[in-house]
Amino acid sequence: MEVDGALPVMNGINAPVELCEQVKERFLQFLNGFVLTDSLDAEPSQSNTHSQGSGGRASQPQRFYVEQLATMKERELKCLYVNFEHVAEYDQALAQNISEAYYRLEPFLRAAVRSFVRQHLDTYAENEDGSDKQFWLSFYGLPDNERLRALRSSRIGKLSQFVGTVTRTTDVRPELFSGSFRCMECMTVVKEVEQQFKYTQPVICPNATCGNKTHWSLVMDQSTFVDWQKAKVQENPDEVPAGSLPRTMEVILRNDQVETVRPGDKAVFTGMLVVVPDVAALTAPGERLQAKLASGDKAGMSEGVTGLTKGPARTGVRELTYRLVFIACGTQPLDQKSGMINIRADDDQEPEEVLAQLSLEQREQLEEMRRDSALYDRLAASVAPNVHGHTDVKRAILLMLLGGMHKQTREGINLRGDINVAIVGDPACAKSQMLKYVAAFLPRAVYTSGKSSSAAGLTATVVKESESNEFCIEAGALMLAYNGICCIDEFDKMDVKDQVAIHEAMEQQTISIAKAGIQATLNARTSILAAANPVAGRYDRSKPLKYNVALPPAILSRFDLLHVMIDEPDAHLDQQIAAHILSVHQGQGVALNPPYTMEQMQCYIKYARAIKPRISQQAQRQLVISYKRLRGDDAAPGSASAYRITVRQLEALVRLSEALARLHLCEEVGRDHVKEAFRLVKNSIINVEQPDRELADEDVLDDAAEVEHIVADDVPAAAAGGDAEMADAAASPAGSDAENRPANAAAGAEPASTADKAAAGGDAAGGDAAAEPPRKKATKVPQQKYNNVKNLLVMRLQQLEEGAAGDGAAAQGAPGGERLEAGPDEVVGSKQRDLLEWYFKYLVERGAVKEKEAGVEEIMLAEKIIAHLIKREQVLLVVAQPERDGGEAAADYARRLQNERVLALNPNYSVE
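Keep in mind that this is a model prediction, so the values were computed, not measured.

Visitor: Describe the packing of helix α26 (residues 832–845) against helix α27 (residues 852–871), with residues and values.
Guide: Close contact between α26 and α27 brings their axes to 10 Å; oriented N to C, the two are set at 135°. In terms of axis orientation, α26 runs oblique to α27. The way α26 lies across α27 gives a crossing that is right-handed. Judged by residue contacts, Gln832, Leu835, Leu836, Tyr839, Phe840 and Leu843 of α26 engage Gly855, Glu858, Ile859, Ala862, Glu863 and Ile866 from α27. In the contact of α26 with α27, the residues fall into 8 nonpolar, 2 polar and 2 charged.

Visitor: Before we move on, could you go through the environment of Arg152 and cite the residues and values that matter?
Guide: Take Arg152: it is sitting in the loop between β4 (136–140) and β5 (159–169). Here the alpha-carbon distance between Arg152 and Val274, two residues 122 residues apart in the chain, equals 9.9 Å. Other than its neighbours up to four places away in sequence, Arg152 contacts Leu273 and Leu324.

Visitor: Give me the lowdown on the pattern of salt bridges, citing residues and values where you can.
Guide: Here the structure, examined in full by the defined rule, presents 29 salt bridges. Among the salt bridges present, the one from Arg26 reaches Asp91, with a minimum N-O distance of 2.6 Å. One end of the pair, Arg26, is in helix α1 (residues 17–33); the other, Asp91, is in the loop between α3 (84–90) and α4 (92–100), with 65 residues separating them in the sequence. Taking relative accessible area as the criterion, Arg26 reaches 8% and is therefore assigned buried. Asp91 sits in the buried class, given a relative accessible area of 7%. Ionic pairing is found between Glu250 and Arg323, a salt bridge with its closest N-O pair at 2.7 Å.

Visitor: Give me the packing of aromatic side chains: which residues, what numbers.
Guide: Given two aromatic rings, one states the distance between the centres and the angle between the planes to describe the pair. One pass over the structure, following the stated rule, counts 16 aromatic pairs. Taking the centre distance of 4.9 Å and the plane angle of 85° together, the rings of Phe162 and Phe326 count as edge-to-face. On the criterion of sequence distance, the pair formed by Phe162 in strand β5 and Phe326 in strand β11 (residues 322–333) is long-range, its members being 164 residues apart. Between Phe491 and Phe559, the ring centres sit 5.8 Å apart and the planes meet at 80°, which makes this aromatic pair edge-to-face. In this pair, Phe491 sits in the loop between β18 (485–489) and α14 (496–501) while Phe559 sits in the loop between α16 (553–556) and β22 (561–565), placing the two residues 68 residues apart along the sequence.

Visitor: For the confidence of the model for the chain, give the residues involved together with the corresponding values.
Guide: Put simply, the chain has an average pLDDT of 75, and 74% of its residues get 70 or more. The model gives residues 733–773 a pLDDT under 50, and that stretch makes 108 contacts with residues more than four places away or in other chains.

Visitor: Provide a residue-level description of unusual backbone geometry, including the pertinent values.
Guide: Non-glycine residue Met187 carries a positive phi angle of around 65°. Counting through the fold element by element, Met187 comes out in the loop between β6 (173–183) and β7 (189–194). Backbone geometry at Ala428 places phi at a positive 65°, although glycine is not the residue there. Position of Ala428 relative to the elements: it lies in the loop between β14 (421–425) and α11 (431–441).

Visitor: How would you explain the pairing of β11 if you had to name every residue and give the values?
Guide: Relative to β11, strand β9 (residues 248–254) is paired through 3 bridges, and the arrangement is parallel. The residue bridging Leu253 from the neighbouring strand is Ala328, located in β11. Here 11 bridges tie strand β10 (residues 266–277) to β11, and the two strands are oriented antiparallel to one another. Bridge assignment links Pro277 to a residue of β11, and that residue is Tyr322.

Visitor: So what about helix α9 (residues 375–382)? Which residues, and what values?
Guide: Burial in α9 covers these residues: Leu375, Tyr376, Leu379, Ala380 and Ser382. Looking straight down α9, one finds that the buried residues subtend no more than 160° of arc, so they occupy a single side. Check the buried side of α9 and you find it contacts α8 (360–370), α10 (391–402), α11, α18 (598–609), α20 (647–663) and α21 (671–683). Phi turns positive, to about 50°, at Ala384, one or two residues after α9.

Visitor: Account for the pairing of β9, naming residues and giving values.
Guide: Of all 7 residues in β9, 5 are buried, a share of seventy percent or more. By the bridge criterion, 7 bridges tie strand β8 (residues 216–234) to β9 in an arrangement that is antiparallel. Bridging from a neighbouring strand, Lys232 pairs with Glu250 of β9.

Visitor: Can you explain the packing of α8 against α18? Please cite residues and give values.
Guide: For the pair α8 and α18, the least separation of the axes is 10 Å and the interaxial angle reads 75°. For the element pair α8 / α18, the angle class is roughly perpendicular. Along the contact surface, α8 presents Gln362, Gln365, Leu366, Met369 and Arg370, while α18 presents Gln600, Cys603, Tyr604 and Tyr607. Taken together, the residues of the contact of α8 with α18 break down into 5 nonpolar, 3 polar and 1 charged.

Visitor: Help me get a handle on the state of the cysteines, residues and values and all.
Guide: Applying the stated criterion to the full structure yields 0 disulfides. Here Cys487 is not cross-linked by a disulfide; its sulfur's nearest cysteine counterpart is in Cys486, at 6.9 Å. On the basis of relative accessibility, which here comes to 0%, the residue Cys487 falls in the buried class.

Visitor: Report on the environment of Met479, specifying residues and quantitative values.
Guide: Checked against the element boundaries, Met479 lands in helix α13 (residues 477–480). C-alpha separation for the pair Met479 and Asn523, spaced 44 residues apart in sequence, amounts to 7.1 Å. Filtering out sequence-adjacent residues up to four positions away, Met479 remains in contact with Pro263, Arg444, Leu458, Thr459, Ala460, Ile511, Leu522 and Asn523.

Visitor: Residues and numbers for the nonpolar core, please.
Guide: Residues Leu379, Leu398, Leu399, Val438, Leu529 and Tyr604 are the most contacted members of the largest nonpolar core, which totals 63 residues. In terms of residue count, α10 provides more of this core than any other element does, 8 residues in total. Ranked by size, the runner-up nonpolar core spans 46 residues in total, among them Cys20, Leu80, Tyr90 and Val113.

Rules used in this analysis
- Residues numbered from 1 in each chain as written.
- Predicted model: local features only at pLDDT ≥ 70, side-chain atom pairs only at ≥ 80, totals over all residues.
- Heavy atoms only, no water.
- Axes fitted to C-alpha atoms, helices over the stretch in contact; angles between N-to-C directions.
- Helix = DSSP H or I, 4+ residues; strand = E, 2+ residues; numbered from the N terminus.
- Parallel < 35°, antiparallel > 145°, perpendicular 65-115°, else oblique.
- Left-handed = near helix turned anticlockwise from the far one by under 90°.
- Contact = heavy atoms within 4.5 Å.
- Nonpolar A, V, L, I, M, F, W, Y, C, P; charged D, E, K, R; others polar.
- Salt bridge = Lys/Arg side-chain N within 4 Å of Asp/Glu carboxyl O.
- Buried < 20%, exposed > 50% of the residue type's maximum accessible area, 1.4 Å probe, protein only.
- Phe/Tyr/Trp six-rings, centres within 6.5 Å; stacked < 30°, edge-to-face > 60°.
- pLDDT = per-residue confidence, 0-100.
- Pairing = 2+ DSSP bridges.
- Arc of directions from axis to C-beta.
- Disulfide = S-S within 2.5 Å.
- Core = buried A, V, L, I, M, F, W, Y, C linked by side-chain atoms within 4.5 Å.

Written out as structure tokens, the structure reads:
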């Protein structure tokens with residue numbers, strides 16, 4: 001845009017007043033004459049909601065800043081927001097002068113804004129007493145961002161812009177901007193004394209007959225005070241060089257800029273760098289800082305410390321006397337600067353308000369996604385596209401991004417609406433990749449590691465201000481992720497005391513602190529996405545979750561969804577994963593072209609979160625049915641639940657159903673939403689799915705007569721004892737591995753639970769001496785049942801070995817405890833018939849078998865398990881077998897061989 005006259009470029013702070021006045025007039029011309037012509041500039045990208053203005057339409061040319069005055073008057077604001085790109089488009093020399101000499105020109109630019117407001121809003125520019133109001137100027141949209149580390153002395157006084165994360169903010173306090181002082185000797189009032197970053201009094205009384213320099217009194221009613229706030233801003237992690245700590249900068253916010261940022265915000269700060277005296281460096285530890293006037297004999301020290309004056313290190317420099325402070329004239333959320341959409345900016349927004357903030361292209365894309373019949377699956381496939389498979393885990397992350405409804409009871413108790421998700425899995429299952437994706441999806445997402453995080457670093461800590469020596473609260477990761485997601489990797493590596501610290505934050509979403517005289521309850525409305533590894537490095541499917549993950553039940557129950565990712569060899573799946581990873585490395589494939597981009601997902605989720613679904617009557621009945629089913633499955637004997645099903649899981653069903661209703665843009669939660677939520681909860685790790693164990697029946701000869709002989713006696717009543725739990729577990733088809741521990745302890749043996757071992761070829765000794773029996777179909781037994789019977793048999797043989805080593809006799813005098821010879825060396829074992837008799841009596845004494853038919857089934861199943869342990873897993877060995885009698889039929893010998901062969905524990909078998 002052409003302007004009349006050429007504006008010379010100023011030379012920093014040494015520019016004359018005449019040139020500053022020229023810049024003032026040119027800037028006033030810009031405010032009055034700038035016409036918005038580009039539709040892209042019409043989008044409200046101001047630093048906050050104050051700056052959106054009344055414009056934004058590109059249908060006809062408009063004077064952008066003249067129309068913004070209407071918004072200022074409506075909201076009673078005192079700050080005008082100016083896009084620096086508009087200034088550069090209007091006059092490049094004006095933009096260069098403002099950028100290079102902002103400290104010098106700032107009072108003149110504010111005067112231009114005051115004149116601009118007076119021209120168009122005469123009455124609004126005056127106070128009630130007739131004095132002029134103070135108006136302020138906020139720039140945004142600078143072309144380049146400076147690194148916080150690059151803000152050095154060369155940038156002092158220049159208009160700069162940098163990006164950082166707010167870690168701490170102070171209270172809003174009044175600051176003396178311009179003071180009126182009364183001379184205490186002649187009562188002359190000196191007005192509008194500008195404060196130079198400290199309490200500044202007049203140099204000398206203007207009265208020619210007075211000459212007072214020290215005795216002044218502040219006239220409060222004629223002085224100008226402004227709101228003031230200090231924020232501590234930390235360098236972004238991606239800008240920190242290797243081996244360096246993140247640096248911090250103190251940012252001063254004034255007027256309408258106060259309370260525009262909160263701890264955890266990633267924001268763009270625009271302003272200037274100034275130098276202030278570092279008074280804290282001149283005081284002793286614990287000494288309170290006070291403003292003092294320089295006395296006559298110490299006037300020379302007012303310029304600062306002269307450095308080291310003794311010893312060989314005499315430098316004579318004034319170091320550590322000043323520090324850099326950034327005075328921000330404008331703040332802007334990082335998501336607006338980078339194009340990222342904060343899906344959790346304000347949960348109180350209505351859908352119409354969200355639509356009004358979207359562009360025409362985004363609205364068309366939103367309508368197209370709404371008509372997608374496979375939206376649920378396509379959105380889930382778009383989550384972490386670099387990761388192959390794990391559809392249910394991606395669905396859980398998608399629902400966590402949507403979240404449920406945050407509610408409040410009449411008593412003021414908050415009900416959590418955020419969804420917590422935990423991922424437990426083997427190494428190299430891309431758990432951290434999913435956490436990194438979520439951390440990049442949201443502006444207020446924090447990624448941390450459980451091993452290197454303390455309780456104070458996760459919640460909050462109390463620190464002492466260096467200047468005022470007052471205690472204040474510094475936010476931790478959960479507070480920094482307010483209205484966002486806190487991603488905690490290596491969750492199982494946290495110390496126990498640190499895990500306890502997040503109990504309250506996960507369920508109540510608050511953090512309570514009682515330290516150093518501070519009693520506070522802080523809000524921590526955040527979702528937690530945690531990733532953990534199994535204890536042994538690999539997930540053992542034969543054990544419940546509580547033996548695979550080092551997490552207490554109190555934390556496990558606070559997760560709405562807890563998924564397990566198991567890395568099992570599968571030729572077809574391994575080929576797909578390998579092809580997927582190689583396509584990612586080659587820069588092609590579906591991973592780089594997901595169904596929806598991250599920006600499209602952010603836009604859709606932001607609109608979906610504005611919907612407030614209600615629970616219908618049908619959904620309410622379905623929720624009750626689903627909860628009763630979960631409780632019923634959990635109460636089944638020998639259940640392998642990861643944790644007990646409580647009311648928390650009912651609330652998890654409610655939150656997941658509301659998130660699914662939001663996903664489909666429904667105003668009511670339907671039955672289908674509840675059924676899908678129940679499926680997700682059921683398919684997560686609440687019940688561990690284990691494949692049934694197949695037993696080869698052709699290895700066993702069923703001898704009905706022998707089995708009848710074992711169970712011929714009357715079955716006595718159940719005897720009370722400490723081993724009843726093991727007997728129940730052994731007789732139950734879904735016995736729990738955990739219930740074996742009391743029986744083992746009572747019998748004096750070590751816990752005998754073991755993982756499955758690879759089947760090896762070859763027959764046990766003497767196994768093929770008999771004729772081949774007729775082939776039968778395979779029998780399937782639940783994994784827990786198989787483990788419990790195996791543990792009982794191994795425990796018995798182990799008792800026999802220990803008893804034989806102790807006194808040379810069978811342990812406890814029970815059947816099956818014979819010392820037998822096999823060759824030159826003595827061996828300790830038990831005949832199979834005696835071992836089965838002991839097993840049956842064990843069940844009968846504990847009350848697990850009360851009917852003859854059930855006893856026959858148990859003995860026949862135990863025979864098949866023994867044959868499997870001998871031939872497939874080689875846990876048991878045949879150490880002796882009977883000789884064949886002359887004239888004995890092959891079938892008879894085969895039956896006698898199976899019942900009278902001596903079994904012993906494989907010495908190479910590792911007993912846990």
